[in-house]
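What the coordinates show
Next come the chains, spelled out residue by residue.
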Amino acid sequence: MTGTLEKSDIGKRIRQLRLTNNCTQAEFAEAIDISINFLSEVENGKKGLSQDTLGKICQQFHTSADFILFGTKTKQATLLELANALSIQELQTTIHYLESLIEMKKIM
């Protein structure tokens, strides 16, 4: 695995995710059941995260712990992020396409 467990880098990634999702510190802190002050300290690299809080962040932003901790994304996490940006109809079309692709692969 690449990357390091630097609190400042972890905090920057969390801030990036929060801002990308148009979420204020107050909204995000409430959603994951922590104080605004603690979230600010995490985003500024002054405090670390518990496993429980890390899990809540991953669930809230539909991302992996690998991305939060190391800045790397698994293929599954990337696919999930892309899928979350699609409408229901676009998602159904994508699923149908992937199923067809898998069937074609079985034939070859």
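Residues numbered from 1 in each chain as written. Predicted model: local features only at pLDDT ≥ 70, side-chain atom pairs only at ≥ 80, totals over all residues. Heavy atoms only, no water.

In this structure, Thr63 sits in the loop between helix 4 (51–61) and helix 5 (65–70). The class for Thr63 is buried, based on a relative accessible area of 10%. In contact with Thr63, not counting residues within four places along its chain, are Leu17, Cys58, Ile68 and Glu81. (Helix = DSSP H or I, 4+ residues; strand = E, 2+ residues; numbered from the N terminus. Buried < 20%, exposed > 50% of the residue type's maximum accessible area, 1.4 Å probe, protein only. Contact = heavy atoms within 4.5 Å.)

This part covers the pattern of salt bridges. On inspection of all chains with the given rule, the structure shows four salt bridges. A salt bridge links Arg15 to Glu43; the shortest N-O distance between them is 3.6 Å. With Arg15 in helix 1 (residues 7–20) and Glu43 in helix 3 (residues 36–43), this pair connects stretches of sequence that are 28 residues apart. By relative accessible area, Arg15 is classed as partly exposed at 25%. Take Glu43: its relative accessible area is 1%, and that puts it in the buried class. Salt-bridge contacts for Lys56 lead to Asp52; the nearest nitrogen and oxygen are separated by 3.5 Å. Here the residue Lys56 and the residue Asp52 both occupy positions in helix 4, the gap between them amounting to four residues, near one helical turn. By relative accessible area, Lys56 is classed as partly exposed at 25%. Exposure remark for Asp52: the relative accessible area of 49% places this residue in the partly exposed category. One continuous salt-bridge network, built from bridges that share partners, spans Arg15, Arg18 and Glu43. (Salt bridge = Lys/Arg side-chain N within 4 Å of Asp/Glu carboxyl O.)

Attention now moves to the environment of Ile14. Relative to the helices and strands, Ile14 is located in helix 1. Apart from residues lying up to four places away in sequence, Ile14 is in contact with Phe28, Leu39, Val42, Glu43, Leu49, Ile57, Phe61 and Ile68.

On to the nonpolar core. Ranked by size, the top nonpolar core spans 16 residues in total, and within it Ile14, Phe28, Leu39, Ile57 and Ile68 carry the most contacts. For Leu39, the contacting residues outside a window of four places in its chain are Ile14, Arg18, Gln25, Phe28, Ala29 and Ile34. (Core = buried A, V, L, I, M, F, W, Y, C linked by side-chain atoms within 4.5 Å.)

As a volume, the largest pocket reaches approximately 200 Å³. Looking at the largest pocket, the residues that line it are Gln16, Leu17, Thr20, Asn21, Phe61, His62, Thr63, Phe67, Lys73, Glu81, Asn84 and Ala85. Mapped by element, the contributors of at least two residues to the lining of the largest pocket are helix 1 and helix 6 (75–84). Counting residues per element, the lining of the largest pocket draws most heavily on helix 1, at three residues. Grouping the constituent residues of the lining of the largest pocket by class yields four nonpolar, six polar and two charged. (1 Å grid on protein atoms, 1.4 Å probe; cavity = no way out; pocket = protein on both sides within 12 Å on 5 of 7 lines; lining within 4 Å. Points joined across faces, edges and corners; volume = space filled by probe spheres on them. Nonpolar A, V, L, I, M, F, W, Y, C, P; charged D, E, K, R; others polar.)

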